[in-house]
Amino acid sequence: RNVAITASGIGNVTPNGGAGIAVEPSAQGNKFSGNAFGQNGGLGIDLLEPGNIPGVTLNDTGDADSGANGQQNFPVELILFPERTQVEGTLRSTPNKTFRINLYTGPKCHPCGFGGEVAPLATRDADPVLDRPGEYTFGFDLGVSLPVGAVVTATADGPDGTSEFSACATEFGVTPTTVPGTCAGASSTTSTSSSSTTTSSTSAPTTTSIGPTTTTH
């Protein structure tokens, strides 16, 4: 079944040696919003490849691939403008659909360059580009200036579920601070397949599956 994991407060998806949330290839329509991500060894959100292979899944043209959450494409070309009060970006996905962009910020990027130690900042629908089917743009006027050195990253919610995190962006000329970890990671805090789900905010490694998997503490 489709699952939505929504929560707030730092530490919702807690530090562990693997991915924060891992979505199995058979799982569809799972959406994650309002969650803060700690220093996970793997990706914050990992749409697993066939065989449950972890790691960053690159975007494809037209977002026509299938798999975990339909392998929803993540936002690209994220820009954090000087003074750190505005963010813009692009999403290239399926034409004629509605997409929700979830913006996150935090002090550190993941060493892969995607996601990191971040918390939710803002959300809005993406705007379709009329003469470019499948291309959408978005912008956020934050109203306040983010701290010096802050990173921003984003996910996209589409009909098939939530994407992995986008590449991090920082103010021009600033090198992002990274958390310890690897691009893949072996185990995960939350893994989704197709029948039940829970959200853990403990520091002990926990595996949660939406499907035929067990939860262990």
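(A) Highlighting the sheet that holds strand β5 (residues 76-80). With antiparallel pairing, the four strands of this open sheet are ordered in space as β5-β6-β10-β9. Strand pairing shows two members of the sheet lacking a second neighbour, β5 and β9 (127-128), which therefore form its edges. Here three bridges tie β5 to strand β6 (residues 86-92), and the two strands are oriented antiparallel to one another. Note on β6: the bridge partner recorded for L80 is V87.

(B) Highlighting the nonpolar core. Core analysis: the largest hydrophobic core is formed by 18 residues, its most contacted members being L78, V87, I101, L103, F140 and V152. Sorting the residues of this core by element identifies β5, β6, β7 (100-109), β10 (135-141) and β11 (151-158) as the ones contributing at least two each. Dropping the residues within four chain positions of it, V87 is found in contact with L78, I79, L80, F81, L103, F138, G139, F140, L142 and V152. Listed in part, the 14 residues of the second largest apolar core include V23, A68, Y104 and V151.

(C) Broad picture of the pairing of strand β8 (residues 116-125). Across eight bridges, β7 lies against β8 in antiparallel orientation. Across the sheet, residue N102 finds its bridge partner in β8, namely T123. Counting the residues that bridge the hairpin from β7 to β8 gives six residues, and of these G113 lies at a positive phi of roughly 95°.

(D) The arrangement of the pattern of salt bridges in detail. Enumeration according to the criterion identifies six salt bridges in this entry. The shortest N-O distance in the salt bridge between E135 and R92 comes to 3.4 Å. Of this pair, E135 sits in strand β10 while R92 sits in strand β6, placing them 43 residues apart in sequence. We classify E135 as buried; its relative accessible area is 13%. When the shortest N-O distance is used, the salt bridge between D127 and R124 registers 2.6 Å. Residue R124 is classed as partly exposed on the basis of its relative accessible area of 23%.

Calculation criteria
- Residues numbered from 1 in each chain as written.
- Predicted model: local features only at pLDDT ≥ 70, side-chain atom pairs only at ≥ 80, totals over all residues.
- Heavy atoms only, no water.
- Pairing = 2+ DSSP bridges.
- Helix = DSSP H or I, 4+ residues; strand = E, 2+ residues; numbered from the N terminus.
- Core = buried A, V, L, I, M, F, W, Y, C linked by side-chain atoms within 4.5 Å.
- Buried < 20%, exposed > 50% of the residue type's maximum accessible area, 1.4 Å probe, protein only.
- Contact = heavy atoms within 4.5 Å.
- Salt bridge = Lys/Arg side-chain N within 4 Å of Asp/Glu carboxyl O.

Any link to function would need more than the numbers given here.
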